[in-house]
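Structure at a glance
Each chain, written out:
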Amino acid sequence: MEGTNPVNKKLTAALSGGAVLVLALSGCSSDDSNEKLDAWAKQVCDAVQPQAKKIEAANAAIQQQTSDNSTPEDVQKTDAQAFQDMSDAYKAIGDAVEKAGAPDVDDGAKKQTNAVKELDGIATSYASLKTQVDKLDTKDQAKFADGLKDIATSLDKLGQSGNDALKTLEEGDVGKAMAKQATCKSASASSSSTAS
């Protein structure tokens with residue numbers, strides 16, 4: 001079973017970087033009270049928390065498959081399910097941001113539209129990674145390892161694009177309002193521990 005393990009470890013590393021992007025919330029809190037913005041942040045954070053847990057569970061499943069005795073079939077099945085779960089989670093987060101409406105800040109509508117577009121794009125990318133994993137040849141160890149390498153490369157890029165989108169949404173007052181929400185704090189705390 002030589003070959004699967006190091007490549008899948010690479011996959012795990014790429015995933016750990018990308019999957020927590022939605023929780024890269026600014027940790028500073030502010031005393032400026034904006035009830036409308038706080039209400040918006042609460043709605044989004046409450047919706048994000050269960051999805052963050054789903055993303056974390058998908059990460060953990062992939063990490064468990066990095067052991068030496070995992071067969072390509074096991075790796076394929078686990079990774080495909082994990083990518084599907086991540087796709088669903090990012091779609092749900094995008095829907096939550098859309099449903100919450102524009103945050104009560106300058107350019108709020110633009111920020112919201114861009115974040116939704118990015119989140120939906122990430123969901124689509126994970127869905128296509130699932131399709132890629134499903135098509136891998138598990139009978140040929142070398143080909144399978146090469147296929148996983150390509151997927152790990154795609155994951156690296158995916159993590160970066162998602163980070164950029166959400167950074168813009170979470171700039172300034174929006175980030176401060178989100179940092180005050182208990183659901184965002186707990187989601188962020190649990191994810192940062194898995195990212196290391």
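Everything quoted here is computed from the prediction, not taken from an experiment.

The subject of this paragraph is the overall build of the chain. Broken down by element type, the chain carries 7 helices and 0 strands. Starting at the N terminus and ending at the C terminus, the chain contains elements arranged as α-α-α-α-α-α-α. For the chain, buried positions account for 46% of its 196 residues. For the chain, the computed accessible surface area is about 9400 Å², with 50% contributed by carbon and sulfur atoms.

With respect to the helices and strands, Asn59 occurs in helix α2 (residues 35-64). Asn59 sits in the buried class, given a relative accessible area of 5%. Separated by 26 residues in sequence, Asn59 and Asp85 place their C-alpha atoms 9.9 Å apart.

What follows is about the packing of aromatic side chains. Applying the stated criterion across every chain, the model contains 2 aromatic pairs. Note on Tyr90 and Tyr126: the rings are 5.6 Å apart at their centroids and 5° apart in plane angle, and the pair reads as stacked. Here the residue Tyr90 occupies a position in helix α3 (residues 72-100), and Tyr126 occupies one in helix α4 (residues 108-135), the gap between them amounting to 36 residues. This pair shows no difference in class: Tyr90 is buried, exactly as Tyr126 is. Clustering of aromatic rings is evident, with ring pairs tying together Phe83, Tyr90 and Tyr126.

As a further point, take the state of the cysteines. By definition, a disulfide links two cysteine residues through a covalent bond between their sulfur atoms. For the structure shown, the criterion picks out 1 disulfide. There is a disulfide in this structure between Cys45 and Cys184, and the S-S distance comes to 1.9 Å. Between Cys45 and Cys184 the disulfide shows an S-S torsion of about -90°. By sign, it is left-handed. Taken together, the residues span a long stretch of sequence, with Cys45 in helix α2 and Cys184 in helix α7 (residues 182-195) at a distance of 139 residues. An identical accessibility class is assigned to Cys45 and Cys184; each is buried.

A packed helix pair is summarised by two numbers, namely the angle formed by the two axes and the spacing between the axes. In contact at an axis separation of 9 Å, α2 and α3 are set at 175° when each is read in the N-to-C sense. By the angle between their directions, the pair α2 and α3 is classed as roughly antiparallel. Of the residues that constitute the contact of α2 with α3, the class distribution is 18 nonpolar, 4 polar and 5 charged.

Taken over all residues, the pLDDT of the chain has a mean of 79, while the share at 70 or more is 72%. Note on residues 17-31: pLDDT is under 50 here. Beyond four places in sequence and across chains, it has 43 contacts.

It is worth spelling out the environment of Ala61 at this point. By secondary structure assignment, the location of Ala61 is in helix α2. Counting along the chain gives 18 residues from Ala61 to Asp79, while the straight-line C-alpha distance between them is 7.8 Å.

Note on pairing: side chains with opposite charge can pair once their charged atoms come close. Taken as a whole, this structure holds 7 salt bridges when the rule is applied. When the shortest N-O distance is used, the salt bridge between Lys149 and Asp146 registers 3.8 Å. Of the two residues, Lys149 and Asp146 are both situated in helix α5 (residues 141-169); the distance of 3 residues between them amounts to about one turn of the helix. Residue Asp146 is classed as partly exposed on the basis of its relative accessible area of 44%. With its nearest N and O atoms 4.0 Å apart, the salt bridge here joins Asp173 to Lys176. One end of the pair is Asp173 and the other is Lys176, both in helix α6 (residues 172-179) and 3 residues apart, which spans about a single turn. Each of Lys91, Asp95 and Asp120 takes part in one network of salt bridges that share partners.

Its location among the elements puts Gln112 in helix α4. Only 3.5 Å separates the side chain of Gln112 from the backbone nitrogen of Ala102, close enough to count as a polar contact. Not counting residues within four places of it along the chain, the set of residues in contact with Gln112 comprises Val97, Glu98, Gly101, Ala102, Pro103 and Leu169.

What counts and what doesn't
Residues numbered from 1 in each chain as written. Predicted model: local features only at pLDDT ≥ 70, side-chain atom pairs only at ≥ 80, totals over all residues. Heavy atoms only, no water. Helix = DSSP H or I, 4+ residues; strand = E, 2+ residues; numbered from the N terminus. Buried < 20%, exposed > 50% of the residue type's maximum accessible area, 1.4 Å probe, protein only. Areas by Shrake-Rupley, 256 points an atom, 1.4 Å probe, with all protein chains shown as cover. Phe/Tyr/Trp six-rings, centres within 6.5 Å; stacked < 30°, edge-to-face > 60°. Disulfide = S-S within 2.5 Å. Axes fitted to C-alpha atoms, helices over the stretch in contact; angles between N-to-C directions. Parallel < 35°, antiparallel > 145°, perpendicular 65-115°, else oblique. Nonpolar A, V, L, I, M, F, W, Y, C, P; charged D, E, K, R; others polar. pLDDT = per-residue confidence, 0-100. Contact = heavy atoms within 4.5 Å. Salt bridge = Lys/Arg side-chain N within 4 Å of Asp/Glu carboxyl O. Polar contact = N/O pair within 3.5 Å; in protein donor to acceptor, adjacent residues only side chain to side chain.

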